[in-house]
Structure formats: structure tokens, C-alpha cells
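This is what each chain is made of:
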Amino acid sequence: MTQTPLVLVDGSSYLYRAYHALPPLANSKGMPTGAVKGVINMLRSLQKSYPDSTIAVVFDAKGKTFRDELFEHYKAQRPPMPDDLRPQVQPIHDIVQAMGLPLIVVEGVEADDVIGSYARQATEQGMDVIISTGDKDMAQLVNQHITLVNTMTNSTLTPAGVKEKFGIGPELIIDLLALMGDKVDNIPGVAGVGEKTATALLQGIGGLDAIYADPEKVRSLDIRGAKKLPEKLLAEKDNAYLSYQLATIKCDVELADDVNALHNTEPDRDALLALFSEMEFKSWVAELQQPATPASPVPPAAVRYHTVLDQASLDDWLARIGNAELFALDTETTSLDVMQAGLVGISLAVNAHEAAYIPLAHDYVGAPPQLDRDQVLAQLKPLLESEAHRKVGQNLKYDAHILLNHGITLRGMAFDTMLESYVLNSVASRHDMDTLSLRHLGHQPVSFEDIAGKGKKQLTFNQIALEQAAPYAAEDADITLRLHQVLWPQLQAVAPLQNLFETIEMPLLPVLMRMEHHGILLDREQLRRQSSELHQLCQQLQAQAHELAGEPFNLNSPKQLQHILFDKLGIPPLKKTPTGQPSTAEPILQELALEHELPNVIMQYRSMSKLQSTYTDALPNQINPRTGRVHTSYHQAVAATGRLSSSDPNLQNIPIRTEQGRRVRQAFIAPPGKKIVAADYSQIELRIMAHLSGDKGLLNAFAHGADIHKATAAEVFGVALDDVSHEQRRSAKAINFGLIYGMSAFGLARQLHIGRQEAQQYVDRYFERYPGVKQYMDNIRQQAAEHGFVETLFGRRLYLPDINAKNGQLRQAAERTAINAPMQGTAADIIKRAMIDVDGWLSGAGLDAVMIMQVHDELVFEVADQDIDALVAGIRQRMQGAAELHVPLIVDVGIGNNWDEAH
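Within every chain, residues take consecutive numbers counted from 1 along the sequence as written. For a predicted model such as this one, the threshold for reporting local features is a pLDDT of at least 70, and the threshold for listing and counting side-chain atom pairs is 80 or more; totals across whole chains, interfaces and linings nevertheless cover every residue. Calculation of side-chain values draws on the structure's entire complement of heavy atoms; hydrogens and water are dropped beforehand.

Structural notes on helix α13 (residues 282–289)
Part 1 of the argument: For α13, the complete set of buried residues consists of Ser 283, Trp 284, Val 285 and Leu 288.
Part 2 of the argument: Looking at the buried side of α13, the elements it contacts are α2 (34–49), α12 (269–279) and α20 (466–492). Each residue is assigned to one of three classes by its accessible area relative to the maximum for its type, calculated with a 1.4 Å probe on protein chains only: buried under 20%, partly exposed between the two thresholds, exposed over 50%. Counting from the N terminus, the helices are DSSP H or I runs at least four residues long and the strands are E runs at least two residues long. Any two residues whose heavy atoms approach within 4.5 Å are treated as being in contact.

What follows is the structure, given as C-alpha cells:
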């Protein structure tokens, strides 16, 4: 057989798997592009793996096939192609052809049949064949010359592999499908026979013909329900043989071209450039715009992953990273909790497709001798703490924490691929390494579950055998380096994004790490007391709800609540769920609570219950036993607007408008001899609106230090400033904040509990008085529609895939985001700049003070009593100077023994 195999790609399998594997992506015109990128990535990966092979791509044809004539219900249960996948099919076909790959579509048969026919032709002519697919049905084609390759999982199926996976050889796969059926393709199979039973029948007796030749043999098999199986099989015989026909891949399709006519041609660079530009695949466009050079693809066999077990190997890698301009770094640990994780090993990469893993603490029975962890870290420390030796990582903040636990302060953190991806497109839902690898490299890395298992039996990394652990760990460093090599040129191509990455996101990373590592002191006893009080309050509210309902019921059960509110009490439902039931969602209950007592009590109960479970009960359990503090995790690459989020605990959502919520903040305390200082930007988003819109009325109000809500009330209600009532100011505040969030008159009416017409009059009067705001909103909507994104003052882009959607609701939601995102995103950028500046100042100011929290527009500090005045002056100066706007930035500062007192 040939040394160079023919590669046949199941394009239809690729299409759906890419669509479901990647988050929804779209270009600036709103055209979906995720499946296109996924399919082409996998094809490019195949080209690298099989550089000398002919690669042909086969797709299903439109319309019915011969199987529909055999069985009218064939594939009847399959849903239609998703609306956002259908328009991606033709671009994929166009790109495949422009890549110089044969594109094959044969009417009346499926892609499987075309692939089967070409595979048979090829093997008859002495060729080996690789079939790239994720379809299990294809296992029937496997033999000593035909191998299945799954690009998504990086796995292969040979005859032995088929037997290991399915428990039977390739020759019985059709019989397996005939017995068990296939829900996806609506192949009936034998009713009551699942995969386990079918496999046991085939292992015990043989194929379909052998089973039906003597069904009585089945009774003697060790199968659950074996005594009754012969009757079932006989009753379903016709279905079994029909299923056999439906499941059999046809290998004698009449093909327009003989297998010898399949050849790859030179790519059409101009066509690819046009297609990639339209899809906005920037890295591929940049690649094509480089001078053409001979390809040097790296097949998997050329990937070199080393395990460092002796000093000579370590010396070699120390020299490599010491001489490198940049190296990738990754740590393997025993836990995701950075304050408790133990370091198990370190991975390093200097060049793509080559990496090393240094195991330091694998302690399973039979583990090979490893280098001493302390000695290795001592040798690595000068390089890891050097600013001159630049590092790249994926979520590098985690690795910095782990190293700090071992006395190493990681410096020279130049790049983080998670943040590179996030800055390029914050709307892309995931920025983890596996997703990025598949999206940008067309490669599915080995997952942790693949080597560690799942659930309760999952191993920690120190328990995993080096034969599996080392390649997995080394791959992490390799993929990280390769991702940087793809992502960084894309950032460099857009100067504002490169600047945002280099001046805000990367410098912020060590700041956040220091805040997390320091932690926050909690008053455990106060939380315990509050939990007890909340528990009693919840019981009282529950009893009150039962009394109002006239019977006991579960306040957390939507079904029981539906019955009480709408059936028993006869309250008219405001909205129905997708299944047609009256909705009891929180916004609905809030509206019902305005007129009915029971929904109001239920809302209070839910609020108190959530406060107890989420905070007063949970926070004490999150106190680190070693430090006595809670150590939240800040996430830079989650919120699309650039805002930070936090978890374990989530500091962003602690209620502040209720007395009980503020009491939770009272548990965040200063140690003896110190105080909590909270510094909060005043109305920052409204000030940014004034700057961006240039509206004279807003600029004037802020310039003169006016109460902006009172000033707006005076304008909207046509009264003198001194005559503005409390109610008018409240309404003006709702208007000010509502409009910058794109709120409609209808939404304002609901919030203020007034008529829609009256709300519309408020909105119209507001825009008459502040015409610059109206002009800004109109302009930003238009810009968003034209470009597909909006920008913050510092160049952060917020993509809006639905800005030109035909669906009105989706489009209007995108327009509301277009109005608000530049303000919220700019506010996020400003406080990040302030954090970086304040942190740098504190590091050399000689004050006994540390920044411990960031929550929305607020920074929180822990400071010694004697340094309070210096700290307040310093942070106010730096926070107010974090951006130059046409209006002053104002910072309110509070001081107290706890967070609530300081706020």
C-alpha cells in the first residue's frame, strides 16, 4: 500500500460539529461565521498533518436520497438546519475550492456513500485511506487500509480501535446499528434493544443472519431479559433488515471522477483573500498578505514534547528560556483554588511544536524519581523574576499565584493569550485554551478529563501517570505559544486594541493578583448572627405568606405559586412561559407586588433567603484556614464591556439598597489599628455621556458641580432648581440612568409607574433640553450598524452581532447596547487605569496601605490609622486623574471600621 494516504473529509460532519463546538461568531455586518471558521480550521489542521496527501472534501447534496425511498420516515425527526448555519454553507464550499481541495457533492446519495465508494476504489488500487469524520457509522468502513481520524478529538480508529470502542469489529457495525437503531437518522432498529443488548447479541451469536437463523440461542445468553428476546427479535425482523439496509454505506456509487482524478491544486490566494476579508478572519488575511513562502507544515509526528527528569535536561531548558526572547509558561497543580493548590509541575515552550514538562510532585505508586522541587524552583527563580525575560501564558494570573505560594514573584508577564483573545473580541463567549485552540489553530487539545477521569473518581494531577501527564502538560505550553503567535499579529493590526492590551489589561493582571492574594478580613461571628436573624425572618415571611394564601405551600416552587396566585387568588397573569403557564419570574412578581400583598411578601422572602444562602451562610466557609481571609477571584475576560467580575465570593452583587444587604458589608472589616477606606466615582457614566455627547446643558451642569438629577428635573419639569421636589428628582434620576441604558418610554413608564404617554413626554422634554444626547444616540446607532461595533474612549471594541438583525427585538437590544456600552466600557477602562496608577504609587509610597477590593466604580483599601490622610489624598488625585474628560471626575471617599461604614 502507499506511504501517502488519500484523505477523505466528511464535510457535512465537520459542518455541524464546528457549528456546535464554537460560540456564535459573526462579522461586523452580522453575518454568522463561526461554522466557517471551525471547518476551515480543521481542514488547515489536516493539511499540516498530511502535507503530501490529496485531501478531498465531501458534502451531502440537497434533496432526497435512495434511503428516503426505502423508508419514508428516514431522518424525519431531524430538525431543519439552523437559520444561522444555512448561510455559512456556500462560503465554506467557496473557501474549500479556493484552497485547491476537490469539493464533491453527489445527488441522490449521502456524503457517507461517496466517501465509502472512493475509499473502496482507492484501496482496490493500492492506496491507504484516512477518513476524517466524527460519524460513528463510518466505523463499518474501517479495515487494515482505511483509518478514521477525528480531528475534533485528535483520535484515530483502526480495526483494533473499533473493537476496543464498540466491543465488536468493523464487520459487525452495520449489524449493531440494525439492532439498536439510530435516533438521529430515525433508523428504527429492534424495539427494546439498546446498545448494550445489541453488542451482547453480536458478541454471543454473530451478525443479523446468524441471530435470525436460530433465535432460540438468544435465551441462553447472559443478557437481561434474554428469555423474552427471541419473540421481540422475530416480531421486529422486518425492521431489523430494513435498518440494516438504511445503515449500510453504499460503496458502489457512480462517481463523475475516478479516484485517480482527485488532486489538490495551488490555492487561489486572491479568492481566499477576498473570502477571508469578507468573513473578517484577520489573522488569515494577514497571513495571505505576507510574501508567499514554501509551506512547512508540521505533522503530529514532528511535535516534540520532553519530560525533564534529570539535571542535564533541566540545564538545557534553563539555557533555552534564558536565551529566548519569549517563552510560554504553565503550571500544573492539585487544585483550582490558588490559595490551596500544590505545585505539581511546570511546562515551558520556546518554539512552536516543542515543549517540556518538569514534573516535581507526582506521588502515585510507581512514579519515577523526579528532580527536587525546591532546587528546581531555586534555579528557575532568577528567570521567572526577571523583567527582561518575557513570558506568555494562558490565564497567567493563576500561574503567578501558584509561584508566589512558593516565594517567587513572577515578573516579565508580557502576554496572556486569554486577554489577547478578549481584547480582540470580548463578545466571543469563551476565551479558555481549548476553545481558542479549536477556533484559531483547528486543534482540539487533550482535555483534563481525558487523562484524569470524571466525577468523584477524578484524579488530581499529582496522581496521574507521567506517560499521560507530561504530553498533556507540555501541550498546554506549546498551544499557548502558538496561540500567541496567531493572536498577537491581529492585535498589532489594530493600534487602539494593541494599546489597550499593553497599557490596561496586561498591567492590571499583577495588580489583581496582589489584591486576590492579600484577601479581605471577615467578621465570622457577625455573619453567624446575621444568618440566624435572616433564618428567623424567612420563617416569619413564610408564615405570613401561608396566611395570605390560606394554606401552606412551597414559596420556592413556581408550580405551587402559580396555583396560589392565579388559580386560588384569581390574580390575572401578566405573562406566560414558553409552555403556556402563567409566569412567576422575578420581574413579574415585582410588578404584581405593586398591587398585591402576597407577591410582595414572596419577593421579600426570596431576597432574604438568597442573602442568607449566598452570603451569610457561604462567606464563612470561604475563609482560607491559612490566612484567615477570603480571597476572591477577579475575572478580566468575562464581561463584554470590559468590567471586572468576581467569584468565590462574588463581590459585585452584594445588595446595598437594603438594610440586610448593607449589614453583609459590615462583616468586611479592618484589622486592629487599621481602617477601611472606600473611594467611589460619582455618577461616572453620566459624566462620560456628557463628554461623549458634548451636550452643552450636561457639560454646564457638571462644570458647576450641580446635582445632575436635580438639574435634569428642573429642565424636564420646567421648574426652578430650588423648587424641584423629591419625587421629581427621583423621576429625573430614572430618566438620566434609564436613557443611557437605552430605556424606551415604555420601560420608563413601568419603572416610574406612570402612563406610557406621560413617560414619552418626559423623554421628549429631556431630548429637547439635552439635544446633544439625542444626536449622540442617533449617531452611535448609525455607526454601530455601519461598522458592527462601538468603541470606548480608549479604543476597546464591543462587537454587536445583532445590530443589523432582521429580528426587530434582537436589533433593538443591540441598539440599546450600542448606546450604553461606550459609557460602561469607558467607565471600566477608567477605573482599571486608576487601579494601575494607584498600585504603582502605593508600591513606593511607604504607606501601610493595600488595595483589597474593586466593585463596579469603587475601590476599597485597608490602611493603618496613621496613613489615612496620605492615602485619601493620593487615591483621590489618581482616580480623578485617570482620564481627561470635558467634565471633572469626582471621587467620594469614606472611612470606617468596616466596608459599610466606609461606603
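Re the sheet that holds strand β6 (residues 155–157)
Pairing between sheet strands relies on hydrogen bonds along the backbone, with the strands arranged either parallel or antiparallel.
Part 1 of the argument: Only when DSSP finds a minimum of two bridges between them are two strands counted as paired. Strand order across the open sheet formed by six strands is β3-β2-β1-β4-β5-β6, with mixed pairing between neighbours. Looking at strand neighbours, the two that pair on one side only are β3 (103–105) and β6, the edges of this open sheet. Strand-to-strand twist in this sheet, taken as the mean axis angle between neighbours without regard to direction, amounts to 25°.
Part 2 of the argument: By the bridge criterion, four bridges tie strand β1 (residues 6–10) to strand β4 (residues 129–132) in an arrangement that is parallel. Bridging across to β4, Val 9 finds its partner in Ser 132.
Part 3 of the argument: Comment: axis = line fitted to C-alpha atoms, over the contacting stretch for helices; angle = value between 0 and 180 degrees taken between N-to-C directions. Contacting β1, β2 (55–59), β3, β4 and β5 (146–150), helix α5 (residues 111–124) crosses the sheet at an angle of about 170° to β1.

Some remarks on unusual backbone geometry
Part 1 of the argument: Cis geometry marks the peptide bond from Asp 648 to Pro 649; its omega dihedral reads 0°.
Part 2 of the argument: For Pro 649, the position within the fold is in the loop between β16 (645–647) and α26 (659–666).
Part 3 of the argument: Phi angles above zero are rare outside glycine, and His 753 is one such case at about 60°.

Section: the sheet that holds strand β22 (residues 891–896)
Part 1 of the argument: Pairing within the open sheet is antiparallel, and its four strands lie in the order β20-β21-β17-β22. Only two strands of the sheet have a single neighbouring strand rather than two, namely β20 (849–855) and β22. Here the average twist between neighbouring strands, direction ignored, is 20°.
Part 2 of the argument: Relative to strand β21 (residues 858–864), β20 runs antiparallel, the two being bridged by six bridges. Within β21, the position partnered with Val 855 by the bridge is Glu 858.
Part 3 of the argument: Running at roughly 100° to β20, helix α21 (residues 495–518) makes contact with β20 and β21 of the sheet.
Part 4 of the argument: Those strands touched by helix α34 (residues 808–845) are β17 (674–681), β20 and β21, and its axis lies near 170° from that of β20.

Topic: the packing of helix α18 (residues 433–441) against α20
Part 1 of the argument: Between α18 and α20, whose axes approach to 10 Å, the crossing angle comes to 55°. Between α18 and α20, the angle is such that the two are oblique. Seen along the crossing, α18 lies across α20 with a hand that is left-handed. Contact with α18, carried on its side by Met 433, Leu 436, Ser 437, His 440 and Leu 441, involves Asp 476, Ile 479, Thr 480, Arg 482, Leu 483, Val 486, Leu 487 and Gln 490 of α20 and no other residues of that element. Here is the rule for angles: anything less than 35 degrees is roughly parallel, anything more than 145 is roughly antiparallel, 65 through 115 is roughly perpendicular, and the remaining ranges are oblique. Two helices that cross are described as forming a left-handed crossing if the nearer one is turned anticlockwise from the farther one by less than a right angle, and a right-handed crossing if clockwise.

Observations concerning the packing of aromatic side chains
Part 1 of the argument: What counts as a ring pair is set by centres within 6.5 Å for rings of Phe, Tyr and Trp (its six-membered ring), and what kind of pair is set by the plane angle: stacked under 30 degrees, edge-to-face over 60, tilted for all other angles. The final tally for this structure, using the stated rule, is 16 aromatic pairs.
Part 2 of the argument: Two thresholds decide whether a charge sits over a ring: the Lys NZ or Arg CZ must be within 6 Å of the ring centre and within 35 degrees of the ring normal. Looking at Lys 37, its charged tip hangs above the ring of Trp 284, at a distance of 5.9 Å from the centre.

Observations concerning the nonpolar core
Part 1 of the argument: Put simply, a nonpolar core is a bunch of buried Ala, Val, Leu, Ile, Met, Phe, Trp, Tyr and Cys residues held in one set by side-chain atoms that sit within 4.5 Å of each other. Phe 668, Tyr 681 and Leu 871 are the most contacted members of the largest nonpolar core, which totals 188 residues.
Part 2 of the argument: Examining the composition of this core, we find that 13 residues originate from one element, α34, more than from any other.
Part 3 of the argument: Excluding anything up to four places from it in sequence, Phe 668 contacts Ile 520, Leu 521, Leu 522, Leu 619, Leu 651, Ile 654, Ile 676, Met 853, Asn 898 and Trp 899.
Part 4 of the argument: Grouped together as the second largest cluster of nonpolar side chains are 59 residues, Val 162, Ile 173, Ile 205 and Ala 226 included.

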